[in-house]
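# Structural overview
Single-letter residue listing:
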Amino acid sequence: ELRLPVGRTVALELTTRDVNHSWWVPALTGKRDAIAGRKNVLRFKAKRTGTWEGQCAEFCGIQHAVMYTSVTVMEQAAYDSWVEQQAQIPDEDLGREEWDAVCAKCHGFEGEGDIGPAIAGNGTLTNRQGLIRLLSTGQNTDQFDSYMPAVGLGWTGKQYDALIAYIKATPKLQEAGAASGG
């Protein structure tokens, strides 16, 4: 989900560490590829306000069909107000947004597992350094059947802290692991 001010040129830096992707919101701008090991920049200026939908235009793997993008273009004053509001979001709310948008897609909303393994109750979730290492480098070991990309690459310390605060404040993420002995 991306928000932008109308009438201002923006530059999106597109990077990937694993497979290639293609950022595409057809009603707003053309495609630009994210190529492993390279940084591409897409510059454009939205000319009118509104919300436009897009999705990854490069077949990139099992989750390709659900890699959607939503871009909301706002008047400058509304955009400035939104930026100010975002700075005031409590950590737990920001953490819930990160969990829902990133972790839950593979591990389920309650950490029960789906595409990725069950992770509720896993100590790494609340170990700040372990979580940063996992989310910023990914994981590809023989211990698991699936590969986890670096989904938190480029996150700020505030984002990691917010995710940990949300996990600690969410009993279902704590209880599932405790019930299974994890």
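So, here's what we can say about the structure.

Thresholds applied
- Here the residue numbering is sequential within each chain, running from 1 through the sequence in written order.
- Since the coordinates come from a predicted model, pLDDT governs what is reported: local features require at least 70, and pairs of side-chain atoms require 80 or more to be given and counted, while whole-chain, interface and lining totals use all residues.
- Side-chain measures were taken over the full set of non-hydrogen atoms in the model, leaving aside hydrogen atoms and water.
- Between the rings of Phe, Tyr and Trp (Trp by its six-membered ring), a pair exists once the centres lie within 6.5 Å; its type follows the angle of the planes, with under 30 degrees stacked, over 60 edge-to-face, and the other angles tilted.
- Whether a residue is buried, partly exposed or exposed follows from its accessible area with a 1.4 Å probe, protein chains only, as a fraction of its type maximum: under 20%, in between, or over 50%, in that order.
- Criterion for a charge above a ring: Lys NZ or Arg CZ within 6 Å of the ring centre, and within 35 degrees of the ring normal.
- Only runs of H or I of at least four residues qualify as helices and only runs of E of at least two qualify as strands under DSSP, and these elements are numbered from the N terminus.
- The contact criterion used throughout is that any non-hydrogen atoms of two residues lie within 4.5 Å.
- By definition, two strands form a pair when at least two bridges between them are found by DSSP.
- A fitted line through C-alpha atoms represents every axis, and for helices the fit uses only the stretch in contact; the resulting angles, taken between N-to-C directions, go from 0 to 180 degrees.
- Basic side-chain nitrogens of Lys or Arg form a salt bridge, by our definition, when they fall within 4 Å of a carboxyl oxygen of Asp or Glu.
- A crossing counts as left-handed when the near helix is turned anticlockwise from the far one by less than a right angle, and as right-handed when that turn is clockwise.
- Note on residue categories: nonpolar means Ala, Val, Leu, Ile, Met, Phe, Trp, Tyr, Cys or Pro, charged means Asp, Glu, Lys or Arg, and polar means any other residue, Gly included.
- Working definition of a nonpolar core: buried Ala, Val, Leu, Ile, Met, Phe, Trp, Tyr and Cys residues. They are joined through side-chain atoms within 4.5 Å.

### Overview of the packing of aromatic side chains
In the structure shown here, the tally under the stated rule is four aromatic pairs. A centroid spacing of 5.3 Å and a plane angle of 50° characterise the contact between Trp155 and Tyr160, whose relative ring orientation is tilted. For Trp155, a relative accessible area of 15% puts it in the buried group. It is Lys31 that lies over the ring of Trp24; its NZ or CZ is 5.1 Å from the centre.

### Concerning the side chain of Ser136
Along the chain, Ser136 turns up in helix α3 (residues 128-137). The contacts of Ser136, once residues within four sequence positions are left out, are Arg17, Ala150, Gly152, Leu153 and Tyr160.

### Let's talk about the sheet that holds strand β6 (residues 50-55)
What the three strands build is an open sheet, ordered β1-β7-β6; its pairing is mixed. Each end of this open sheet is capped by a strand with a single partner; those strands are β1 (2-5) and β6. Pairwise comparison of adjacent strand axes, ignoring direction, gives a mean angle of 25° for this sheet. By the bridge criterion, six bridges tie β6 to strand β7 (residues 68-74) in an arrangement that is antiparallel. In the strand pairing of β7, Gly50 is matched with Val73. Together, β1 and β7 form the strand contacts of helix α1 (residues 76-87), whose direction differs from that of β1 by roughly 135°.

### Topic: the pattern of salt bridges
Taken as a whole and assessed by the stated rule, the structure comprises five salt bridges. With a shortest N-O distance of 3.8 Å, Lys158 and Asp91 are connected by a salt bridge. One end of the pair, Lys158, is in helix α4 (residues 157-168); the other, Asp91, is in helix α2 (residues 91-107), and 67 residues separate them in sequence. Between Glu110 and Lys172 there is a salt bridge whose closest N-O contact spans 3.2 Å.

### Describing the packing of α3 against α4
Axis separation between α3 and α4 bottoms out at 11 Å; the angle between their running directions is 115°. Once α3 is placed against α4, the crossing between them reads as right-handed. Here Arg128, Leu131, Ile132, Leu135 and Ser136 of α3 come into contact with α4, specifically with Gly157, Tyr160, Asp161, Leu163 and Ile164. Grouping the amino acids of the contact of α3 with α4 by side-chain chemistry returns six nonpolar, two polar and two charged.

### Comments concerning the nonpolar core
In this structure, Trp99, Leu135, Leu163 and Ile167 are the most contacted members of the largest nonpolar core, which totals 16 residues. Residue assignment for this core shows that the elements contributing at least two residues are α2, α3 and α4. The biggest single contributor to this core is α4, with five residues. The residues touching Trp99, leaving out its near neighbours within four places in the chain, are Ala104, Gly108, Phe109, Gly111, Ile119, Leu125, Leu163, Tyr166, Ile167 and Leu173.

### Focus on the environment of Met74
Assignment of secondary structure puts Met74 in strand β7. Spatially, the C-alpha atoms of Met74 and Thr51 are 8.8 Å apart, while their sequence positions differ by 23 residues. What Met74 contacts, discounting residues up to four positions off in sequence, is Arg3, Leu4, Pro5, Val6, Thr49, Tyr79 and Trp82.

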